[in-house]
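# Coordinate inspection notes
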Amino acid sequence: MAAKWTLITGASEGLGVEFARLAAAEGRDLILVARQGAKMERLAEELRARHGVAVEVWPLDLSDPEAVETLWRKAVLRRHVEIVVNNAGLGRNGPFSGPDFDRERASVMVNVVALTILTKRAVAHMVQQGGGRILNVGSTAGFMPGPNMAVYHATKAYVLSLGEAVAEELRGTPVTITTLCPGATRTNFAKDAGIEGITLFTALRPAAAPRVAQAGWRAMQRGRRVKVTGLANWLFSVGPRFAPRALVPRIAAIFLK
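In what follows, the accompanying structure is described. (Residues numbered from 1 in each chain as written. Predicted model: local features only at pLDDT ≥ 70, side-chain atom pairs only at ≥ 80, totals over all residues. Heavy atoms only, no water.)

### Overview of the pattern of salt bridges
The condition that has to hold: Should a side-chain nitrogen of Lys or Arg be within 4 Å of a carboxyl oxygen of Asp or Glu, the pair is scored as a salt bridge. Numbered from the N terminus, helices here are DSSP runs of H or I no shorter than four residues, and strands are runs of E no shorter than two. Exposed residues in this analysis have more than 50% of their type's maximum accessible area, buried residues have under 20%, and partly exposed residues fall in between, with area computed by a 1.4 Å probe over protein chains only.
All told, the structure shown has 13 salt bridges when counted by the stated rule. In this structure, the salt-bridge partner of Arg21 is Glu46, at a minimum N-O distance of 3.0 Å. Placement of the pair is Arg21 in helix α1 (residues 14-25) and Glu46 in helix α2 (residues 37-51), with a sequence separation of 25 residues. By relative accessible area, Glu46 is classed as partly exposed at 22%.

As C-alpha cells, this is what we get:
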C-alpha cells in the first residue's frame, strides 16, 4: 500500500509553516512546496527531529501551470496524498489602473490556476484512493470586492465559490473540501503585498498565525465547508449580504486605505 502523505503549498513561512507543524505533530509525512527552498529545509530539519516524520522539500514557482502538473504527478508516484493544503497566495496593494501587471498576473496564476489544478487532481486521486481532505486557504476578502486590491479579492472570491461548489458535489463521499477564510493575520504576506499600513492592519489587531492555522486544521478534520476565523471576521463575511451592493466596495475601501 502506498504511503500516506500531506502536501502543503506556501510552506516556507506564515500559515504554511504552522500547517506543517500541525501535520507533523500528528505523525504525518510531508511534502513542502514553495519558492524559498532554504527556509523549507530548516523547517524540514525541525520537523524530522521533533516528530520523526519524513519530509520532502520541493522548491517550485507555482505561477507555472506545467510545473504544478509535474508537481502533482511526482507527488502521487507511489504515494497516497491524503491531505492537500493549498496555502500559497499572492497579493498586491495599489490601484488597478497602475501600469505593472506582473504581480497581478502571478496572483491569478498562483491563487486561482495552481489551486484549481491541485484541487482537481487531488479530488480525483482521493476518490480513487478511498478518501482524503483538502484545505484551501481563502480569505474574508472573498466575501467583498476590494478597491486597491481588486485582483486579490477577486481571486479569493473564486477560491470560496470553487470550494463550496465542489464540496457539494462531494457530499456523501469520504473526500472533503474546507475553505479557510481568515482576516488580517500576522504573517509576511502583509509586507509582501504592501498592506502593512492600511487601516485593516492598523485599526484591527491581526490574528496570530498559529491560532488561525489551528482553527483551519480543526475545521478540515471535521469536514466543514467554510471556516471564518474570529467574530470580527465573521461580521465582515456576513455584512455584505445585507448592505446595498453598491455600498459594499465603498465600505471595503475604508479598510484598505
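### Examining the nonpolar core
As a rule of thumb, soluble globular proteins bury nonpolar side chains together. Keep this limit in mind: By convention a nonpolar core is built from buried Ala, Val, Leu, Ile, Met, Phe, Trp, Tyr and Cys residues, the set being connected through side-chain atoms within 4.5 Å. Every residue pair with non-hydrogen atoms within 4.5 Å of one another is taken to be in contact.
Of all hydrophobic cores here, the largest spans 32 residues; its most connected members are Leu7, Val33, Leu62, Leu71 and Trp72. Secondary structure elements with two or more residues in this core: β1 (3-9), β2 (29-34), α3 (65-75), β4 (79-86), α4 (102-129), α5 (150-169) and β6 (175-181). Per-element accounting of this core gives the leading share, nine residues, to α4. Beyond its immediate sequence surroundings of up to four residues, Leu62 is in contact with Thr9, Val33, Val68, Leu71, Ala88, Met109, Val110 and Ala114. Grouped together as the second largest cluster of nonpolar side chains are 28 residues, Ile8, Ala34, Met40 and Val85 included.

### Description of a nonpolar patch on the surface
Rules: Exposure above 30% relative accessible area and no salt bridge define the residues that can form patches, which grow by joining like charges within 9 Å and nonpolar side chains of Val, Leu, Ile, Met, Phe, Trp and Tyr within 5 Å. Accessibility throughout is a Shrake-Rupley quantity obtained with a 1.4 Å probe, and a residue counts as covered only by protein chains that appear here.
Side chains of Leu231, Trp234 and Leu235 sit close together on the surface and give an oily, nonpolar patch of about 350 Å² of accessible area. Checked against the element boundaries, Leu235 lands in helix α9 (residues 231-242).

### A few points about the packing of aromatic side chains
The following threshold applies: Note on ring pairs: Phe, Tyr and Trp rings are taken, using the six-membered ring of Trp, and paired if centres are within 6.5 Å. Classes follow the plane angle, with under 30 degrees stacked, over 60 edge-to-face and the rest tilted. Counting as a charge over the ring demands two things of the Lys NZ or Arg CZ atom: a distance within 6 Å of the ring centre and an angle within 35 degrees of the ring normal.
The final tally for this structure, using the stated rule, is one aromatic pair. An angle of 35° between the planes, with centres 6.5 Å apart, marks the rings of Phe19 and Trp217 as tilted. Within this pair, whereas Phe19 is found in helix α1, its partner Trp217 is found in helix α8 (residues 209-221), the two being separated by 198 residues in sequence. The ring of Trp58 has Lys74 sitting right over it, with the charged end atom 4.2 Å from the ring centre. Between Arg79 and the ring centre of Trp5, over which it is positioned, the NZ or CZ distance is 5.0 Å.

None of the figures reported here should be taken as evidence of function without further support.
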